[in-house]
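The lines below spell out each chain.
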Amino acid sequence: MKSRTSSAVIAVDAMGGDFGPSVVIPGALKAGRETGAKLLLVGRQPDIEKELASADCTDVDFEIVHASQVAEMHEKPSDILRHKKDASIQVACRLVRDGKAHSVVSAGHSGACVACGMFTIGRMPGVERPALATLLPTEKKPIILLDVGANVDCRPQHLFQFALMGNAFAQDLFESSAPRVGILSIGEEEGKGNAQVKEAYDLLKAAEHLNFIGNIEGRDIFTGDVDVAVCDGFVGNIALKLSEGLGSSITRIMKREIMNSGLLPKLGIWMAKPALRRFADVVDYAEYGGALLLGLRSVSIVCHGRSNSKAICSAIRMSSLFVEKRTNDKLIQAIGASAELNRSQKTA
C-alpha cells in the first residue's frame, strides 16, 4: 500500500555496498514511491544517472547530489574522514548535519558510517559511543540486539548506556512502557560472564526505571521472551552474522531435501509452500533493511554490505518511519533525563 504521507528528506549513499548504484537506486526509488519521502541520491552523478536512465522514476521526488569519491572497504575510517572529504558517505552526513536532510541511509563501509556519524552528524548529549541496533526475528516478535558492530571493545559503562538507548528505542518502537532488557552472557545465573559483563550487570541491576531481567544466553535471543539484548559489538556482530547464516543455510538445506525426496514428500512440500514462503520472509535480513545507529543527533541507518534492492527499500522505509515518529527526539529526551546515565559517566 502506498502511504505517500512522509515529509522526510533522506540522504541515500548511492555508492555504498557491494553492488553500488545498481541495487541502491532501484531500492531507493521503490521506497520513495511507497513513502513519499524526498530522496537525495548522493554519489558520482554519471553513475547515478546511468541507473536512473533505465529505472521507473514515476512519482518519486528525488535530487542528485554529486560526490566525486567513494569510501572503499579496505580503507581505514580515520583515513576516509581525513582524506576523502568528498566521499559519498561524508557528503550524505553533511547534508544531515546542515539540515538539508533528516536522515542518512548507507550500505557502504560500516566503519566510515559510524565515524562520519559521530564526527559529522554528532552524538546525542551524554552518549559516549553510539551503538548499532538491529532487529532480529523471534518466535513471537522482533527483538532489538545492540551493539552489532560499532564498538568491538567496550567498558561496562558503555554496555550500560547501550541498555538505556535500547530501552528508549524499544519503548518507542514496540510502544511498551517497560521493555524487558537482558545482557548477553554465557549463563543465566548472576555472576556468570567476563569481568566486563559482570560489572555491567551490577550497573543495570541498580538502574531505576529499567526492566532488567538479568543475563540471557544466545539461545534466548530467538524465543521472544526479551525485548532488548545488550552486548559489545564484537559479540553482537558474530551473533548477527550467525543468525543470518543459519537462516540462509536452513533455507538451502530445505530446498536440497525437497529436490532429493520422492513424489509424496514433494507433494506435501508443495502444499506447505505458503508457510515455507512466510518462513523465508521471517529469516530474510532484507525484511529489516539495516541497523539504526543509536546515539546520534539524527537518524542514521547502516545496511549490510551485501544488501539487495529489497534491503535498501526496507531501510529507507524504516528511516522514513523513524523521522515521522520523531524517534530520535524521544531518545534524546529519554536519555537526557536519565540520572543513571549521568551516574555512569561519573564512574567511567
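Scope of this entry: the structure provided in the associated data block.

**What to know about the pattern of salt bridges**
In the structure shown here, the tally under the stated rule is 17 salt bridges. Its salt-bridge partner being R317, residue E34 comes within 2.9 Å of it at the nearest N-O pair. Of this pair, E34 sits in helix α1 (residues 21-35) while R317 sits in helix α11 (residues 309-325), and the two are 283 residues apart along the sequence. Classification of E34 as buried rests on a relative accessible area of 18%. What makes R317 partly exposed here is its relative accessible area of 33%. For the salt bridge of E75 with K84, the shortest nitrogen-to-oxygen distance reads 3.1 Å. Residue classification places K84 among the buried positions, given a relative accessible area of 15%. Overlapping salt bridges, with partners in common, bring together K30, E34 and R317 in one network.

**Describing the sheet that holds strand β3 (residues 62-66)**
One open sheet accounts for 11 strands, arranged β3-β2-β1-β4-β11-β10-β5-β6-β9-β7-β8; its pairing is mixed. Edge positions in the sheet fall to β3 and β8 (212-216), since each has one partner strand and no second. Looking at each pair of strands side by side, their axes are set apart by 25° on average, direction ignored. Examined bridge by bridge, strand β10 (residues 290-294) and strand β11 (residues 299-303) share 3 bridges and lie antiparallel to one another. Of the residues in β11, the one forming a bridge with G290 is C303.

**With respect to the packing of helix α4 (residues 88-97) against helix α5 (residues 110-121)**
Running from N to C, α4 and α5 point in directions that differ by 35°, and their axes come no closer than 9 Å. For the pair α4 and α5, the sense of crossing is right-handed. Contacts from I89, Q90, C93, R94, V96 and R97 in α4 reach A112, C113, C116, G117, T120 and I121 in α5. Looking at the contact of α4 with α5 residue by residue, the class counts come to 7 nonpolar, 3 polar and 2 charged.

**Regarding the nonpolar core**
Counting residues in each nonpolar core, the largest one holds 61 residues, and the members touching the most others are I144, L146, I301 and I316. Here the element with the most residues in this core is helix α6 (residues 156-173); it accounts for 9 residues. Residues A71, L81, A101 and A291 belong to the second largest nonpolar core, which totals 42 residues.

**Comments concerning the environment of C231**
Residue placement: C231 occurs in the loop between β9 (228-230) and α8 (233-259). Assessed through its relative accessible area of 3%, C231 is described here as buried. For the pair C231 and L159, spaced 72 residues apart in sequence, the C-alpha to C-alpha distance is 6.5 Å. Setting aside its immediate chain neighbours within four residues, C231 contacts L145, L146, D147, L159, F162, L184 and G236.

**As for α1**
With 15 residues, α1 ought to run about 21 Å at 1.5 Å a step, and its terminal C-alpha atoms sit 20 Å apart, in line with that. Judged by how many residues are buried, α1 sits mostly within the fold: 12 of 15 residues are covered. Residues P21, V23, V24, I25, G27, A28, L29, A31, G32, R33, E34 and T35 constitute the buried set of α1. G36, located one to two residues past α1, shows a positive phi value of around 85°.

**Concerning a nonpolar patch on the surface**
Together, V152, F234, V235 and I238 make up an exposed nonpolar region whose accessible area comes to about 360 Å². Within the element layout of this structure, I238 appears in helix α8. Given the relative accessible area of 48%, I238 is considered partly exposed.

**Topic: α6**
If you check α6, its first and last C-alpha atoms are 25 Å apart, about what 18 residues at 1.5 Å a residue would give, namely 26 Å. Following α6 by one or two positions, E175 has its phi on the positive side, about 55°.

**What about the side chain of T120?**
Checked against the element boundaries, T120 lands in helix α5. A relative accessible area of 11% places T120 in the buried class. When sequence neighbours within four positions are dropped, the list of residues in contact with T120 reads Q90, C93, R94, R97 and A115.

**Digging into the packing of aromatic side chains**
Under the counting rule described, the total for this entry stands at 2 aromatic pairs. Look at F169 and F322: their rings are 5.5 Å apart centre to centre, the planes differ by 80°, and that puts the pair in the edge-to-face class. You can see F169 sitting in helix α6 and its partner F322 sitting in helix α11, a full 153 residues away along the chain. Each of the two residues, F169 as well as F322, counts as buried. Above the plane of the ring of F174 lies K141, whose end atom (NZ or CZ) is 5.0 Å from the centre.

**Details of the pairing of β8**
A regular strand places its side chains so that they alternate between the two faces of the sheet. The buried count for β8 comes to 4 of 5 residues, which makes it a mostly enclosed element. The sheet contact formed by strand β7 (residues 181-184) and β8 spans 4 bridges and is parallel. By the bridge assignment for β8, L184 is matched with I216. In this region the chain leaves β7, passes through helix α7 (residues 195-206) and returns to the parallel neighbour β8; the handedness of that crossover is right-handed.

So, how was this worked out
Per chain, the residues get numbers from 1 upward, laid out in the order the sequence is written. pLDDT decides what is reported in this predicted model: residues at 70 or higher carry local features, side-chain atom pairs at 80 or more are listed and counted, and totals for whole chains, interfaces and linings draw on all residues regardless. Only heavy atoms go into the side-chain values, all of them from the structure, while hydrogens and water stay out. Salt bridges are defined as contacts in which a side-chain nitrogen from Lys or Arg sits within 4 Å of a carboxyl oxygen from Asp or Glu. Helix numbers and strand numbers start at the N terminus; a helix is a DSSP run of H or I with at least 4 residues, a strand a run of E with at least 2. Buried means the residue's accessible area, taken with a 1.4 Å probe over protein chains only, is under 20% of the maximum for its type, while exposed means over 50%, and partly exposed covers the values in between. Strands are treated as partners if at least two bridges between them are detected by DSSP. A fitted line through C-alpha atoms serves as each axis, taken over the contacting stretch for helices, and the angle formed by two N-to-C directions is quoted from 0 to 180°. When the near helix sits turned anticlockwise from the far one by under a right angle, the crossing is termed left-handed; a clockwise turn instead gives a right-handed crossing. Note on contacts: a residue pair qualifies if any of its non-hydrogen atoms lie within 4.5 Å across the two residues. When residue character is reported, Ala, Val, Leu, Ile, Met, Phe, Trp, Tyr, Cys and Pro are called nonpolar, Asp, Glu, Lys and Arg charged, and the others, Gly included, polar. Residues belong to one nonpolar core when they are buried, are Ala, Val, Leu, Ile, Met, Phe, Trp, Tyr or Cys, and are joined through side-chain atoms within 4.5 Å. Helix span, as expected, comes to 1.5 Å for every residue beyond the first. Patches in this entry comprise residues that are over 30% relatively accessible and not in a salt bridge; like charges within 9 Å are linked, as are nonpolar side chains (Val, Leu, Ile, Met, Phe, Trp, Tyr) within 5 Å. Surface exposure here means Shrake-Rupley accessible area, sampled with a 1.4 Å probe, where a residue is shielded only by the protein chains that are shown. Between the rings of Phe, Tyr and Trp (Trp by its six-membered ring), a pair exists once the centres lie within 6.5 Å; its type follows the angle of the planes, with under 30 degrees stacked, over 60 edge-to-face, and the other angles tilted. Criterion for a charge above a ring: Arg CZ or Lys NZ at most 6 Å from the ring centre, at most 35 degrees from the ring normal. Crossover handedness is defined here as right-handed if the route from the first strand over the helix to the second strand goes clockwise, with the strands pointing away from the viewer.

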